[in-house]
Amino acid sequence: MTTLPVETIALMMHDRKTPVWDFITRVFHWSLVIAYCTAQLTAEEWDTAHEYTGYIVLGLVAFRTIWGFVGPRNVQFSEFVKSLSTIQAHLTKVLSGRHTAEAGHNPAGGAMVLVLLVWLALTGITGWLSTMLSGDRAELLEQFHEFLGEYSLLLVALHVAGVIVMSLLERQNLAKSMIDGKKHLKSDF
């Protein structure tokens with residue numbers, strides 16, 4: 001039995017890919033990106049387009065919620081929604097350089113998915129309700145809707161930054177994995 005040098009093992013490990021994201025999850029993700037960006041770009045400028053894309057975002061969030069219970073293992077909430085202590089332990093490992101690539105979302109990424117889904121749902125619901133009501137209630141909901149919409153940009157920026165940082169640390173393109181559905185994992189070897 002021959003022993004391979006660590007560099008060779010690492011090279012072999014990065015030559016093999018594991019299917020992680022199913023086609024439906026990838027279509028959902030990029031559809032949400034397009035709908036969210038359209039809703040942001042049309043806010044205050046083109047009300048009809050903004051409202052319709054807001055409804056599309058709400059529909060996508062509702063779909064993802066259902067898919068989180070019935071979809072493939074990696075996209076199920078039970079697989080990636082973790083406790084605060086697990087998230088903290090993961091972040092500690094990341095900061096110390098001792099983390100390993102996860103098949104699906106890592107604990108911090110899973111938390112971000114949950115936060116984004118809830119935030120986008122609240123944004124869409126408050127936008128819809130503000131069109132259904134009138135007077136002070138409608139105005140209050142509209143202000144809350146605008147607050148949620150504006151601060152969703154911060155959450156999206158944190159999400160993108162997390163993807164970039166983890167891509168660099170894991171030496172793989174995680175955004176590409178949401179296109180082709182595959183990631184490099186240690187268990188591949």
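Here is a short report on the structure shown in this document. Remember, predicted model here, so these are calculated numbers, not experimental data.

1. Quick word on the overall build of the protein
Line of reasoning, step 1. Looking only at helices and strands, the protein has eight helices and two strands in total.
Line of reasoning, step 2. Helices (α) and strands (β) of the protein occur, in sequence order from the N terminus, as α-β-α-α-α-α-α-α-α-β.
Line of reasoning, step 3. Classification of the 189 residues of the protein by burial places 34% in the buried group.
Line of reasoning, step 4. Accessible area for the protein stands at about 11,900 Å²; split by element, carbon and sulfur atoms hold 67% of it.

2. Focus: the side chain of S177
Line of reasoning, step 1. The topology assignment puts S177 in helix α8 (residues 174–180).
Line of reasoning, step 2. The class of S177 is buried, set by a relative accessible area of 3%.
Line of reasoning, step 3. For S177, the contacting residues outside a window of four places in its chain are W21, R26, K182 and K183.

3. Description of the environment of D180
Line of reasoning, step 1. Residue position: D180 is located in helix α8.
Line of reasoning, step 2. Separated by 161 residues in the primary sequence, D180 and P19 have C-alpha atoms spaced 8.5 Å apart.
Line of reasoning, step 3. Among all residues touching D180, those that are not within four sequence positions of it are K17 and R26.

4. Let's talk about the nonpolar core
Line of reasoning, step 1. Counting 13 residues, the largest nonpolar core has F28, L32, V57, L60, V61, L117 and L120 as its most contacted members.
Line of reasoning, step 2. Of all the secondary structure elements, the ones that give two or more residues to this core are α2 (23–42), α3 (47–70), α4 (77–80) and α6 (107–132).
Line of reasoning, step 3. Beyond its immediate stretch of four places on either side in the chain, L117 contacts F28, V61, R64 and F77.
Line of reasoning, step 4. Within the second largest apolar cluster, six residues are counted, among which are V20, W21, W67 and M178.

5. Some words on the packing of helix α5 (residues 84–96) against α6
Line of reasoning, step 1. For the pair α5 and α6, interaxial distance at closest approach is 8 Å and the crossing angle is 130°. Judged on the interaxial angle alone, α6 and α5 are oblique. For the pair formed by α5 and α6, the contact residues are T86, I87, H90 and L91 on the first element and P107, A108 and A111 on the second.
Line of reasoning, step 2. Its residues assigned to classes, the contact of α5 with α6 shows five nonpolar, two polar and no charged.

6. Section: helix α7 (residues 135–170)
Line of reasoning, step 1. With 36 residues, α7 extends 52 Å between its outermost C-alpha atoms, agreeing within 8% with the 52 Å of an ideal straight helix rising 1.5 Å per residue.
Line of reasoning, step 2. Among the residues of α7, A138, L141, H145, L148, G149, S152, L155, M166, S167 and E170 are the ones counted as buried.

7. Quick look at the packing of aromatic side chains
Line of reasoning, step 1. Within this structure, the stated rule accounts for eight aromatic pairs.
Line of reasoning, step 2. Ring pairs connect the aromatic residues W119, F144, F147 and Y151, which therefore count as one cluster.

8. A short note on α5
Residues lying three or four places apart along an α-helix face the same way, a consequence of the helix completing one turn every 3.6 residues.
Line of reasoning, step 1. With 13 residues, α5 should cover 18 Å at 1.5 Å per step; its first-to-last C-alpha distance of 18 Å lies within 8% of that length.
Line of reasoning, step 2. Restricting attention to buried positions, one finds in α5 the residues I87, H90 and V94. Buried residues of α5, seen end-on, are gathered within an arc of 60° and therefore sit on one face of the element. Within α5, the exposed residues directed more than 90 degrees away from the buried face are Q88 and L95.
Line of reasoning, step 3. Within two residues after α5, G97 carries a phi angle of roughly 75°, on the positive side.

Rules behind the numbers
- Residues numbered from 1 in each chain as written.
- Predicted model: local features only at pLDDT ≥ 70, side-chain atom pairs only at ≥ 80, totals over all residues.
- Heavy atoms only, no water.
- Helix = DSSP H or I, 4+ residues; strand = E, 2+ residues; numbered from the N terminus.
- Buried < 20%, exposed > 50% of the residue type's maximum accessible area, 1.4 Å probe, protein only.
- Areas by Shrake-Rupley, 256 points an atom, 1.4 Å probe, with all protein chains shown as cover.
- Contact = heavy atoms within 4.5 Å.
- Core = buried A, V, L, I, M, F, W, Y, C linked by side-chain atoms within 4.5 Å.
- Axes fitted to C-alpha atoms, helices over the stretch in contact; angles between N-to-C directions.
- Parallel < 35°, antiparallel > 145°, perpendicular 65-115°, else oblique.
- Nonpolar A, V, L, I, M, F, W, Y, C, P; charged D, E, K, R; others polar.
- Expected span 1.5 Å × (residues − 1).
- Phe/Tyr/Trp six-rings, centres within 6.5 Å; stacked < 30°, edge-to-face > 60°.
- Arc of directions from axis to C-beta.

Functional significance is not addressed by these values, which are geometric in nature.
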